[in-house]
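Notes for the structure review
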Amino acid sequence: VSTQSTWESKMVHKDYYEVLGLVQGAQRADIDKAYRKLSLHNHPDRSRDPAAKETFALVAEAYDTLSNSARKAIYDRFGYHGLLNGAPNDSNGFTDPYVCHGDSQKVFQAFFGTENPFQDLFPASDEYGLTNQRDLEGQRTRKVQDAAIERELLLSLEEVFLGCVKKMKMTRKVLSDDGYTTVLKDKLFTIHVQPGWKEGTRITFAKDGDQGPNSGPADIVFVVKYKPHARFVRQGNNLVHTCPVSLSDALTGCILELMTLDGRKLSLPVNDIITPGYQMTVPGEGMPHGKEGHRGDLVVRFNVAFPKSLTEDKKALLRQALA
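This text gives an overview of the structure that appears in the document. (Residues numbered from 1 in each chain as written. Predicted model: local features only at pLDDT ≥ 70, side-chain atom pairs only at ≥ 80, totals over all residues. Heavy atoms only, no water.)

**A short note on the overall build of the protein chain**
What the protein chain contains, in helices and strands, is 10 helices and 15 strands. The buried share of the protein chain, reckoned over its 323 residues, is 38%. Considering only contacts within the protein chain whose residues lie at least 6 apart along the sequence, 57% involve residues at least 24 apart. Summed over its atoms, the accessible surface of the protein chain is roughly 19300 Å², and 51% of this surface lies on carbon and sulfur atoms. (Helix = DSSP H or I, 4+ residues; strand = E, 2+ residues; numbered from the N terminus. Buried < 20%, exposed > 50% of the residue type's maximum accessible area, 1.4 Å probe, protein only. Contact = heavy atoms within 4.5 Å. Areas by Shrake-Rupley, 256 points an atom, 1.4 Å probe, with all protein chains shown as cover.)

Okay, here's the thing in structure tokens:
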């Protein structure tokens, strides 16, 4: 007898809902939950039950049918023979006959996204779960918290200067209802950025990281990192701005106009001669710090642009002016 015909004969008198332990017309969420539980329990690489391989296959066939909305609709109305022989459709014809491919491992892998969903549950030396239940329960009562998961929190200087709210989405491993396997789920973390936060500031969400049956949930830690800024660099609590000036302005004075991080326009008169290393300080225009609202300073440095060449007449005028 061929493998396919044996497969069919075993299912002729079987009820797919009965195989999964469900009532007729069960919804997709219940079908998924039942398959998850039964496929893990009867996996032939894990279970010592002699009938596990056959049960695993029947469970896979039932799930392959009921998890597909079109096949489920035919099965709910016409039963197994409606799938096997085709059923009347809206075009006055018949649907194509359907017989499960019989590859239970393919169904298993498609559902879990891996050939071995037990890898988070058992040590590498026992990846298919052959540890006895008493030992397993002992392991599960001695959960050790995983190392923290760190992610960068990129902030502009404007966001740090004023404070803001950032929302960060992360994909984490979460324990399934069966308490053994994990699924991937997204979570949105809300971070209230306080004015003045420095690079390296750490924001911890305790035990919100990956979950596993043998380990406690890891912490998630966001670490502040600044985005490069076009006008300013933070040094301590000061803001440093480097201003290009011409040699003429460096010698005769100028008015520097500068936009602050909160959108104000500063007009800074420079009356001194700008010599190498010269800088000016504007008190209270730096980064906020401390709970009392203190601010650092604005430090302006200068980059004097020298001319690449001068005519003889201009050289003579300069000698006369600087003599």
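On we go.
**A word on the nonpolar core**
Ile-191, Ile-203, Phe-222, Leu-268, Leu-298, Val-300 and Phe-302 are the most contacted members of the largest nonpolar core, which has 39 residues in total. Take this core: its biggest share by element is 4 residues, from strand S7 (residues 220-226). When residues no more than four places from it in sequence are discounted, the contact partners of Val-300 are His-241, Cys-243, Leu-256, Leu-268, Tyr-278, Gln-279 and Met-280. If you look at the next biggest cluster of nonpolar residues, it comprises 26 residues, including Ala-26, Tyr-35, Leu-66 and Leu-83. (Core = buried A, V, L, I, M, F, W, Y, C linked by side-chain atoms within 4.5 Å.)

**Thoughts on a nonpolar patch on the surface**
Where nonpolar side chains cluster on the molecular surface, the patch consists of Leu-310, Leu-318 and Leu-322 and spans about 270 Å² of accessible area. Note that Leu-322 resides in helix H10 (residues 312-322). Take Leu-322: its relative accessible area is 64%, and that puts it in the exposed class. (Patch = residues over 30% accessible without salt bridge, like charges linked within 9 Å, V, L, I, M, F, W, Y side chains within 5 Å. Salt bridge = Lys/Arg side-chain N within 4 Å of Asp/Glu carboxyl O.)

**Considering the sheet that holds strand S8 (residues 233-235)**
Strand order in the open sheet formed by 4 strands is S8-S9-S15-S12, with mixed pairing between adjacent strands. At either end of the open sheet lies a strand with only one pairing partner, and these are S8 and strand S12 (279-282). Shown here is a sheet whose adjacent strand axes are inclined to one another by a mean of 35°, direction ignored. Two elements, S8 and strand S9 (residues 238-246), share 3 bridges in a ladder whose sense is antiparallel. Note that in S9 the partner of Gln-235 across the bridge is Asn-238. (Pairing = 2+ DSSP bridges. Axes fitted to C-alpha atoms, helices over the stretch in contact; angles between N-to-C directions.)

**Section: the environment of Gly-21**
By secondary structure assignment, the location of Gly-21 is in the loop between helix H2 (16-19) and helix H3 (28-41). Classification of Gly-21 by relative accessible area gives exposed; the value is 64%. Once the C-alpha coordinates of Gly-21 and Ile-31 are considered, the two residues, 10 residues apart in sequence, prove to be 9.3 Å apart.

**Some points on H3**
Along its 14 residues, H3 runs 20 Å from first to last C-alpha, staying within 8% of the 20 Å computed at 1.5 Å per residue. Buried residues of H3: Ile-31, Ala-34, Tyr-35, Arg-36, Ser-39 and Leu-40, and no others. Looking at the buried positions of H3, the neighbouring elements they touch are helix H4 (52-66), helix H5 (69-85), helix H6 (104-112) and strand S4 (182-193). (Expected span 1.5 Å × (residues − 1).)

**A short note on the pattern of salt bridges**
Applying the stated criterion to the full structure yields 11 salt bridges. Here Asp-64 makes a salt bridge to Arg-71, at a shortest N to O gap of 3.6 Å. The residues Asp-64 and Arg-71 share a single accessibility class, namely buried. Between Glu-312 and Lys-315 there is a salt bridge, with its nearest N and O atoms 3.7 Å apart. With a gap of 3 residues between them, Glu-312 and Lys-315 both fall in helix H10, about one helical turn apart. Residue Glu-312 is classed as exposed on the basis of its relative accessible area, which comes to 55%. The partly exposed category is assigned to Lys-315, whose relative accessible area is 30%. Through salt bridges with shared partners, one network takes in Asp-262, Arg-264, Glu-285 and Arg-295.

**Concerning the environment of Val-245**
Along the polypeptide, Val-245 turns up in strand S9. The spacing of Val-245 and Ala-305 is 60 residues in sequence and 6.1 Å in space, taken between C-alpha atoms. Residues in contact with Val-245, not counting those within four places in the same chain, are Ala-250, Ile-274, Phe-302, Asn-303, Val-304 and Ala-305.

**Let's talk about the packing of aromatic side chains**
Taken as a whole and judged by the stated rule, the model has 10 aromatic pairs. Ring geometry for Tyr-17 versus Tyr-75: centroids 6.0 Å apart, planes at 45°, classification tilted. With a gap of 58 residues between them, Tyr-17 in helix H2 and Tyr-75 in helix H5 connect regions that are remote in the sequence. Among the aromatic side chains, those forming a connected cluster through ring pairs are Tyr-16, Tyr-17 and Tyr-75. (Phe/Tyr/Trp six-rings, centres within 6.5 Å; stacked < 30°, edge-to-face > 60°.)

**Brief notes about the pairing of S12**
When a strand is regular, its side chains alternate between the sheet's two faces. Here S12 shows a buried face lined by Met-280 and Val-282 and an unburied face lined by Gln-279 and Thr-281. Pairing analysis gives 4 bridges linking S12 to strand S15 (residues 298-305), with the strands arranged antiparallel. Pairing of Gln-279 across the sheet is with Arg-301, part of S15.

**Some words on the side chain of His-241**
Mapping His-241 onto the fold places it in strand S9. Here His-241 falls in the buried class, since its relative accessible area comes to 10%. A distance of 2.8 Å separates a polar side-chain atom of His-241 from the backbone oxygen of Arg-231. Those residues in contact with His-241, other than ones at most four positions away along the chain, are Arg-231, Phe-232, Leu-258, Leu-298, Val-299, Val-300 and Arg-301. (Polar contact = N/O pair within 3.5 Å; in protein donor to acceptor, adjacent residues only side chain to side chain.)

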